[in-house]
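Architecture and fold: a report
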Amino acid sequence: MIRLHHVPFSRSFRILWLLEEMGLSADLTLYSITDGSLRAGEFKAISPAGRVPALEIDGITIYESAAIVEYLTETRPEHGLGRLPGDPERVQFLEWLGFAETQAAALQSLNMHHLFMGDPTPASPVTLKLEAARLGATLKALEGKLDRQEWLLSSGFSAADTMLGFNLFAAPYYVHLDRFPNVQAYMKRIEARPAYQRARALDGEQEFYKKDFYEVPNG
Ligand SMILES: N[C@@H](CCC(=O)N[C@@H](CS)C(=O)NCC(=O)O)C(=O)O
């Protein structure tokens, strides 16, 4: 039995997608960011910071998406989706897992300020501008990398793409992607993957974004 603790359109999608790439199906336990279910004692016993994803598999429970990605790729090397110690791309693989979280931190901060804080703590335009610029900087770095290759690693698709690729579908709420054609083409390649499409069908409706784009207020 595999169980994924999941919030639709959140970082747990990375794992839903990776499992699909591996041909593994999971039972989903669904939560909402806003209804307090992630802060319940029962869930905190599984994921101490009350965050998704958490994955129950092989008789253990793992939290932190990068740790789950490493575990899955190391215990299931036959899928070729990780880069194990000794692989020439091992360091790059680990760097991309970390880079994905650097990028997600900017998105999370923007989500917090634009979607979840509101009155009586209005978002600071300076913070919003800064975080959008920081998100833009990660997209610019990615744009340069994708000039030379189709996937994050030159040898081909890997679980690093599931870690980072997920972020990109939240980025357009805060940064216009017109100036990043390589990133847009990369997103199209992702969307063409059958495993990605299956994962999206399982994901569930996102409940955060009510607009197509969030401008910096008074910015
Ligand atoms: N570094 C963690 C971050 C997990 C995380 O922050 N997940 C968000 C959803 S994208 C969450 O559970 N947020 C709930 C909250 O902040 O209360 C990971 O990669 O798993």
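Residues numbered from 1 in each chain as written. Predicted model: local features only at pLDDT ≥ 70, side-chain atom pairs only at ≥ 80, totals over all residues. Heavy atoms only, no water.

Examining the packing of helix α1 (residues 12-21) against helix α3 (residues 65-75)
Here α1 crosses α3 at 15°, and the two axes come no closer than 10 Å. What the angle tells us is that α1 and α3 run roughly parallel. Of the two possible hands of crossing, α1 and α3 adopt the one that is right-handed. Here Arg-14, Ile-15, Leu-18 and Leu-19 of α1 come into contact with α3, specifically with Ser-65, Ile-68, Val-69 and Leu-72. Its residues placed into classes, the contact of α1 with α3 shows six nonpolar, one polar and one charged. (Axes fitted to C-alpha atoms, helices over the stretch in contact; angles between N-to-C directions. Helix = DSSP H or I, 4+ residues; strand = E, 2+ residues; numbered from the N terminus. Parallel < 35°, antiparallel > 145°, perpendicular 65-115°, else oblique. Left-handed = near helix turned anticlockwise from the far one by under 90°. Contact = heavy atoms within 4.5 Å. Nonpolar A, V, L, I, M, F, W, Y, C, P; charged D, E, K, R; others polar.)

Examining the sheet that holds strand β1 (residues 3-6)
In space, the four strands of this open sheet follow the order β2-β1-β3-β4, with mixed pairing throughout. The open sheet has two edge strands with one neighbour each: β2 (27-30) and β4 (60-63). Strand-to-strand, the axes of this sheet are offset by a mean angle of 20°, without reference to chain direction. Bridging between β1 and β2 involves four bridges; their strand directions are parallel. Counted as the bridge partner of Arg-3 is Asp-27 from β2. Each of β3 (54-57) and β4 touches α3; the most contacted strand, β4, lies at about 130° to it. (Pairing = 2+ DSSP bridges.)

Section: the site of the ligand
Taken together, 13 residues sit near the ligand, with Arg-51, Val-52, Glu-64, Ser-65 and Glu-101 positioned nearest. Contact distances for the ligand include 2.6 Å between an oxygen atom and a side-chain N or O atom of Ser-65. Contact between the ligand and Glu-101: a nitrogen atom at 2.8 Å from a side-chain N or O atom of the residue. Burial of the ligand by the protein chains amounts to 85% of its free accessible area of 520 Å². (Near = heavy atom within 4 Å. Polar contact = N/O pair within 3.5 Å; in protein donor to acceptor, adjacent residues only side chain to side chain. Areas by Shrake-Rupley, 256 points an atom, 1.4 Å probe, with all protein chains shown as cover.)

Comments concerning the domain arrangement of the protein
For the protein, the domain assignment lists domain 1 (3-79) and domain 2 (90-193). Once you take the C-alpha centre of each, domain 1 and domain 2 turn out to be 20 Å apart. With 17 residues of domain 1 at the contact, the number on the domain 2 side is 23 residues. When domain 1 packs against domain 2, the two sides together hide about 1600 Å² of surface, and 66% of this comes from carbon and sulfur. (Domains from an automatic or database assignment. Buried area = accessible area lost by both parts, 1.4 Å probe.)

Regarding the packing of aromatic side chains
Applying the stated rule across the entire model yields 17 aromatic pairs. When the ring of Phe-9 is compared with that of Tyr-209, the centres are 6.0 Å apart and the planes differ by 85°; the resulting orientation is edge-to-face. In this pair, Phe-9 sits in the loop between β1 and α1 while Tyr-209 sits in the segment after α8 (194-203), placing the two residues 200 residues apart along the sequence. Of the two residues examined, Phe-9 and Tyr-209, each falls in the buried class. With 5.0 Å between their ring centres and 80° between their planes, Trp-17 and Tyr-196 make a pair best called edge-to-face. Taken as a pair, Trp-17 in helix α1 and Tyr-196 in helix α8 lie far apart in primary sequence, 179 residues in all. Trp-17 sits in the buried class, given a relative accessible area of 0%. Given the relative accessible area of 4%, Tyr-196 is considered buried. Each member of the aromatic cluster is reached from another via a ring pair, and the members are Phe-13, Trp-17, Trp-151, Phe-157, Phe-166, Phe-169, Tyr-186 and Tyr-196. (Phe/Tyr/Trp six-rings, centres within 6.5 Å; stacked < 30°, edge-to-face > 60°. Buried < 20%, exposed > 50% of the residue type's maximum accessible area, 1.4 Å probe, protein only.)

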